Every structure is written in C-alpha cells, then in structure tokens.
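As a plain string of letters, each chain reads:
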Protein chains: 2
Amino acid sequence: MENQIIVHYQLFGDQTNIQERAYDICLEQTVELPDKLLTDEIRSKIVGKILSIETKTEYSQVRIGFSTDVATYELTQLLNVLFGNISIKVGIKITDVEFPQEYLSHFSGPKFGISGIRKQAKLTDSPLLCTALKPMGTSNLQLAEYAHNFAMGGIHYIKDDHGLSNQRFNEYKERVELCSKAVARANSKTGQLTFYVPNITSPSDQVLMRAEFAQKNGAGGFLICPGLVGMDTMRLISERFDLPIFSHPAMLGTFVTSKENGFSHSLIFGKLQRLAGADASIFPNYGGRFGFSKEECISICKGCTDNLSNIKSIFPVPAGGMTLDKIPEMIDTFGKETIFLVGGGLYSHSSDLTENAKYFSQFLMKS
Amino acid sequence: MENQIIVHYQLFGDQTNIQERAYDICLEQTVELPDKLLTDEIRSKIVGKILSIETKTEYSQVRIGFSTDVATYELTQLLNVLFGNISIKVGIKITDVEFPQEYLSHFSGPKFGISGIRKQAKLTDSPLLCTALKPMGTSNLQLAEYAHNFAMGGIHYIKDDHGLSNQRFNEYKERVELCSKAVARANSKTGQLTFYVPNITSPSDQVLMRAEFAQKNGAGGFLICPGLVGMDTMRLISERFDLPIFSHPAMLGTFVTSKENGFSHSLIFGKLQRLAGADASIFPNYGGRFGFSKEECISICKGCTDNLSNIKSIFPVPAGGMTLDKIPEMIDTFGKETIFLVGGGLYSHSSDLTENAKYFSQFLMKS
C-alpha cells in the first residue's frame, strides 16, 4: 500500500503468542481499545496491520503497517505511532521503518547533509575532522584560544562540549562571540575554513534565540541534543536556520542499552536523525569509552547514508577513542564520508594544540 | 554542601572497579576528559564528587554530588548532568535526586498540583475519575457526544487519547471546540464540573498555539507527552498557561523497561514530572496491559507526593486495567489523592456511556 508506514519490530521473550503480541502493537499504537470494541471501519482504516511474522532463534521479526493518515506528517505523532505506548512494554525493539516516498516528501530532512557540509567546508573527498572545546569551567577566553589553535592546525569543525550551556562561568553569548571571532582570526591567517559549532541545547523558549544569536555572530553550525530538547525541536531549527546541525546523543543512550528494548542503533542515530533534520550524527565510536560494537557503528553509518528518497544522506560522526594509530582502521571501517570527532586525544597528544591538530589532520588526509 | 545536587545511581555489572566507574560518572557528566588532563581548580569546582558507595547484592549504590553551577537552572542542562552521556553506558540506573532548596526555588514546578486541581474541580477529599476519548478515527462529533455522555455521568476529567493529534479525520481545532462545548452543555445540565483535556502534543512550532487555542476555547486542562515534545516544553506550557497539565508516558517507557539501565519509576514518572510542571502524572497501573509492578506504582505515587520544598505535590494517575471489582483494592493501594483513569472499562461496561460513568463514579465515591 502506498499510504502505509512499515515498521519492523523484534519481539523478545515468550514466543508462544507472537500473533497476539503483534496485534496488540497494532491496537496499542492506534486505537488503544480491545478489538471487540471496534467497528469494522475503524479496524480497517485505523488499526495497524500485521504484514509478516518471521520466527528467529531469540525473537520474532514482525512487520506492521500503519496508515500515514494516523501518523500524520508531524514528527511528534509519527514517533508516537512508531513507539509511544509500546515503549512501556518489555521485550519490543523497533529496528527499522520503511516510509512511502510520498510521506517523506512532506519532510525537509537535513538542509545540508553530506553534500551541503562538503560544500560549506570546500572539501570534496577527504574525511573531515572535528574536535570539542573543553573542559567546562575553562574560561571562555581560554576556550576561544583553544578554538583558534585548533583552527590553525586545520580542524574543520570545532564544537562546544555538549555540557557547555549557559553556566555563569561559560556564558553562552560571550562564548559564541569569542570563539567565532577566534576561529575567524585563524581562518584569515591560514586561508583555510574552520567552523565553530556552539551548543544551542537549551530551554524550549530559548533554543531559537540561541540559534539566531549563533548564526548572526559567525558560528558555522549548531550542536544540539535532541534527546534533551526533543527530536522535533531539532527539525524546527533545521527548517528555520541555515547552518549544519551536529546532533549529539546525550540522553538517547537508554534507547539502545538494552538488546531487547528500545530502538536499533541505525534507527535512532541514523534514519530518525535524518528525518529530524540533523546533518551530522555524533555517536560513540567502538573501542572508546562507551560500549558500542563495530557492527552497531557500521549500522549507524548505513542509517545515515542509505537511500531515503528526498531525505539527504548525513555524516556519521564516530566520537572518542581515536588515536593516531587507529586512524587507518577507522577509515577502513567508516570510509571517507565520515567526520571523525577527536576530543581528549587532541588535548593529550602534546601541550601544543595546533601541532596536535596538524598532526591528526595531516595523518587523516594522507590515510 | 548547599550548592550541590546529590544524585543516586545503581551500578550493575562488574563490581570489582566500582570506585573507578563512579569517578567515571563524575567526569563524564561534566568535563568529558580524563582526570590527568584537569587542573586542580577544574577538578575541585566542576567535576562531580563521589559522596558514598554502598555495596548491595546485585549492584552498588553510589551517591554523586554535582555543582548546581554546572547543572544551571535550565531543565535541559540539569537532565544532561543527571544522565546525558551516561545514558549510553550499560548498567547504570539513576534512582533519585536530592535538590538543595535554593536550587528548587528557581523552578516553578506544577502550577496546580493536587491542591490546584482539587480547587478547580471543587472536590475536597474524594479520588477523581478520568477517562479518555477514543478510538481515533471516530468522528469529532461522535467523540464530543461521548464527552457529553461521560460528563453527564460525573467523570471529572475527560482527556483525548494521546494518539489524537491533528489527523484529517480528527482535526485538532474542530475537536477542541466540539468537545469543550459538549462538556459545557453537560455541566449546565448537571450543575457539576467536568473538564475536557485535549492533547496538545504537537510539533515544537505548534504546541504553544495549540495550548492557547485550547485555553481560549473552553478546555479544562492539557494532555501532553513530554517523551515526545521534550520535558522542558511541558515546563514552558506550565509557565505560560493557566490550566492543569496531565502528563502522558508515551516514549518514556524505555527509561524503565530495563532493570539495570535508565531511570527509576519514581524519578521519571514522579519527581522529574513535577520539576517539569506536570500537575498529574499518568502511568500504567499494575495488573493492566503493561508490566509495572504494584511496588513500582507505589514508588511513582511517592515520587509525585513526597515533600519537594516549593514544588507542589501532583496527582498520580494510574491508568488501565480498572474494573469495578478492583476499585477497593486500588483505593487501598493508591489512597484518595489519586486520579483514576478508566479507558476501555468505561466503554465496555455497557453501551450507555452515561450509565457506565455513573456506575464507576458512584462506586468510587462510596469506596
């Protein structure tokens, strides 16, 4: 059917009543009533439809179709249909969603995506390098100096640590002004393009103002945590402003920490990020201080770049655990359509941040 | 210390390096750098502090203090400090938060709470009864008739099903107008007070308009899903408007489905709801179609009503699985400071919704 969204779920636990559990999802995500209380018309037009059930060793793979009329073109209601109430049930993992082309045409998706970011950065085929300003509590002046020094060393995107919000010792507007100017100063010396990406994650009545302030004051992108502000707020920022969005995974981790509950990695850090307007999706790299496997990271890349009709491909941004000796393997794993985010590694290599940045950047370009 | 937020975590899994894992939380939630790269000043002012570690059978209970300066008075950054990055780590459950009084004084919390809702409903000591308009796909005219009939039967709050957004067959404005008027018509006949509570969960650029439209057109409260719009958007609605907020748990379930990850029930459905301005917190009752235990439900009630300085107590709203024969036990479990949400039960008891409503309502009042 043209007008249905097909959702893939894995049902863990008791496998004796899978048909019933699957139909329960069809009801729970739409009418929230027992089948016996429904008219034929409601049952046929509103309730989800079981399209297939496949039994695997540990779980059953179920595909359910939901009417696009039920999901509407509002991201909040779409998310609700995909996983709202059943997020509360144990043993359901949502692994993928197939959207009709017509449905996707109602979403703008990423304004930049891979192609737009490459155009902004004027880099046609190398991987990109990103770092973070930290630690919180360092004066804004000092952070701006770090930004300047990283820019001198050829880092492409320099983002705020996502914990930098508007602390009294790291006031937002001052930080944005100082860091933007510092990066511009470096750019004028090097003739290269480095972009400062401030964190605009903030209360609902401030996030648009922070984005506007950043755009007006020379920022080159936005960092935002959709797990904190809501996925749809990121979508709104994407539609209203003209800078690429780096999406940070804070508070989204619980959706993937349990094998038998929540979302697949590729969906929450890939496909849904694109639908919600992210241009680059940050996630913890394997081998770093978080527990994602190599396969999970690769699945995120696929979620970021697989064909999705009018919705652009976006950069996967594996973060953390990157040291010089790992670069060849990381390029082998992620390919060149990647932004590598190096945090602690750039601060600890030596005390000269520009030299550290050059070192990583040149090594990466040659790889 | 006066200026620290004390956070309780349970650390599951490997218990041999708990001190290290606890300190990792202190770093991860603040500076995101290894300790060796920190100055003494940053370490003492910014990094979280381990306050206690207690070893239990299955986990270690850890208390960590975070500076209120780091958390700021922004709910988004507070949530980030509590669980942002570590949501991505396996085996960490956040179970409680102790806030300094000064910190809480910067939050308005619920505008109504239990006392405000009782004042609105003019009910001093009985439990309250709530139901939901459903199923989606029923015409707005028909939903309004349901609302009228429920109101005739003495239901106190009649909310939209949270899946009703702005579908073309359940258009928002028409629904709000029709249902508000239908309830007002019933109130004028009965002389009682019933309130219609439309679902304002919607895209970030529409949620304030929907709230405004509802308030202007006779709604008696708002239903909102903070898991879909973001916790802070609910806070904003609470500050900007003058109707009680019923918070719905859609998409928040994953935070509690795993015993070893995410949030405690009392925190996500209790304390944090209050901080974010909910006046009533809906959660799935035990014995219904979701898997919460009686103990978990009781812990949510405590989260809704335990003393929290200037932040009002709010109504727990156990939902689902309520049949007449269960009412005495439910009152025994939850007490009278409860709004009981009966959905399917009110539709299925008989085909006369007014009679069904009277039946439940009179039975509840006598209990």
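Calculation rules
- Residues numbered from 1 in each chain as written.
- Chains lettered and ligands numbered in written order.
- Predicted model: local features only at pLDDT ≥ 70, side-chain atom pairs only at ≥ 80, totals over all residues.
- Heavy atoms only, no water.
- Least-squares fit on C-alpha atoms with pLDDT ≥ 70 in both.
- Contact = heavy atoms within 4.5 Å.
- Pairing = 2+ DSSP bridges.
- Helix = DSSP H or I, 4+ residues; strand = E, 2+ residues; numbered from the N terminus.
- Axes fitted to C-alpha atoms, helices over the stretch in contact; angles between N-to-C directions.
- Buried < 20%, exposed > 50% of the residue type's maximum accessible area, 1.4 Å probe, protein only.
- Buried area = accessible area lost by both parts, 1.4 Å probe.
- Salt bridge = Lys/Arg side-chain N within 4 Å of Asp/Glu carboxyl O.
- Polar contact = N/O pair within 3.5 Å; in protein donor to acceptor, adjacent residues only side chain to side chain.
- Left-handed = near helix turned anticlockwise from the far one by under 90°.

**Student:** Honestly, the relation of the copies chain A and chain B in this entry has me stumped. Any pointers?
**Tutor:** Turning one copy of the chain about an axis and sliding it along that axis gives the other copy, so a rotation and a shift relate them. When chain A is fitted onto chain B, the two copies agree to an RMSD of 0.0 Å after a turn of 180° and an axial shift of 0.0 Å. Both chain copies can therefore be described as sitting about a two-fold axis. Considering only C-alpha atoms, the residue of chain A closest to the rotation axis is Gly230 of chain A, which sits at 2.2 Å. Most of the interface of chain A is mirrored in chain B, where 100% of its interface residues again form contacts.

**Student:** Sorry if this is basic, but what is going on with the sheet that holds strand E4 (residues 92-98) of chain B here?
**Tutor:** Pairing between sheet strands relies on hydrogen bonds along the backbone, with the strands arranged either parallel or antiparallel. Residues and elements named next belong to chain B. Taken in spatial order, the five strands of this open sheet run E2-E3-E1-E4-E10, and their pairing is mixed. Each edge of the open sheet is held by one strand with a lone partner, namely strand E2 (49-55) and strand E10 (262-263). Strand contacts of helix H13 (residues 265-275): E4 and E10, with the helix running at about 35° to E4, the strand carrying the most contacts.

**Student:** What is the right way to read the environment of Cys26 of chain A from this model?
**Tutor:** All names here are of chain A. With respect to the helices and strands, the residue Cys26 is situated in helix H1 (residues 18-28). Taking the C-alpha atoms as reference points, Cys26 and Ile50, 24 residues apart in sequence, are found 7.3 Å from one another. Excluding residues within four positions of it along the chain, Cys26 makes contact with Val47, Gly48, Lys49, Ile50, Ile64 and Phe66.

**Student:** Would you take a moment to explain the sheet that holds strand E1 (residues 4-11) of chain A for this structure?
**Tutor:** All names here are of chain A. The five strands lie next to each other as E2-E3-E1-E4-E10, forming an open sheet whose pairing is mixed. On the outer flanks of this sheet lie strand E2 (49-55) and strand E10 (262-263), each paired with one strand and no other. Strands in contact with helix H13 (residues 265-275) are strand E4 (92-98) and E10; relative to E4, the strand with the most contacts, it is inclined by about 35°.

**Student:** Looking at this structure, how should I read the side chain of Thr257 of chain A?
**Tutor:** Among the structural elements, Thr257 of chain A can be located in helix H12 (residues 254-257). Judged by its relative accessible area of 13%, Thr257 of chain A is buried.

**Student:** Explain the interface of chain A and chain B here, please?
**Tutor:** Opposite the 72 residues of chain A that make contact, chain B presents 72 residues. Here chain A packs against chain B, burying approximately 6100 Å² in sum over the two surfaces, 60% of which is carbon and sulfur. For the chain A face of the interface with chain B, the top three residues by lost area are Ile88, Met251 and Thr254 of chain A, together amounting to 11%. Between the two partners, chain A and chain B, sit six salt bridges. Note that Asp69 of chain B and Arg168 of chain A form a salt bridge whose closest N and O atoms lie 2.6 Å from each other. Applying the counting rule to chain A against chain B returns 28 residue pairs in polar contact (both at pLDDT 80 or more).

**Student:** Which parts of the structure should I look at to understand the pattern of salt bridges?
**Tutor:** When the charged atoms of two side chains with opposite charge come close together, those side chains can pair. Evaluation of the coordinates by the stated rule reveals 40 salt bridges over all chains. Taking the shortest distance from any N to any O, the salt bridge between Arg210 of chain A and Glu74 of chain B comes out at 2.5 Å. Of this pair, Arg210 of chain A sits in helix H9 (residues 207-216) while Glu74 of chain B sits in the loop between helix H3 (68-71) and helix H4 (75-83), on two different chains. Glu74 of chain B gets classed as buried once you look at its relative accessible area, which sits at 9%. The salt bridge involving Asp232 of chain A is made with Arg235 of chain A; its shortest N-O contact spans 2.8 Å. Note that Asp232 of chain A and Arg235 of chain A are positioned in helix H11 (residues 231-240) at a spacing of three residues, about one turn of the helix. Beyond isolated ion pairs, a larger network of salt bridges with shared partners links Asp205 of chain A together with Asp232, Arg235 and Glu239 of chain B.

**Student:** Would you mind showing me how to read the packing of H4 of chain B against helix H11 (residues 231-240) of chain B here?
**Tutor:** Each pair of packed helices can be summarised by the angle the axes make with each other and by the distance between the axes. Residues and elements named next belong to chain B. In contact at an axis separation of 9 Å, H4 and H11 are set at 145° when each is read in the N-to-C sense. Regarding H4 and H11, the two cross each other, and that crossing is right-handed. Note on element contacts: H11 touches H4 through Met231, Asp232 and Arg235, opposite Leu75, Thr76 and Leu79.

**Student:** Could you clarify how one ought to interpret the pairing of E4 of chain A in this entry?
**Tutor:** Each regular strand shows side chains that alternate between the opposite faces of the sheet. Residue and element names in this part refer to chain A. Extensive coverage of E4 is indicated by the burial of five of its seven residues. Two elements, E1 and E4, share six bridges in a ladder whose sense is antiparallel. Bridging across to E4, Gln10 finds its partner in Lys93. As paired elements, E4 and E10 share two bridges and run parallel to each other. Its bridge partner lying in E10, Lys93 is registered against Gly262.

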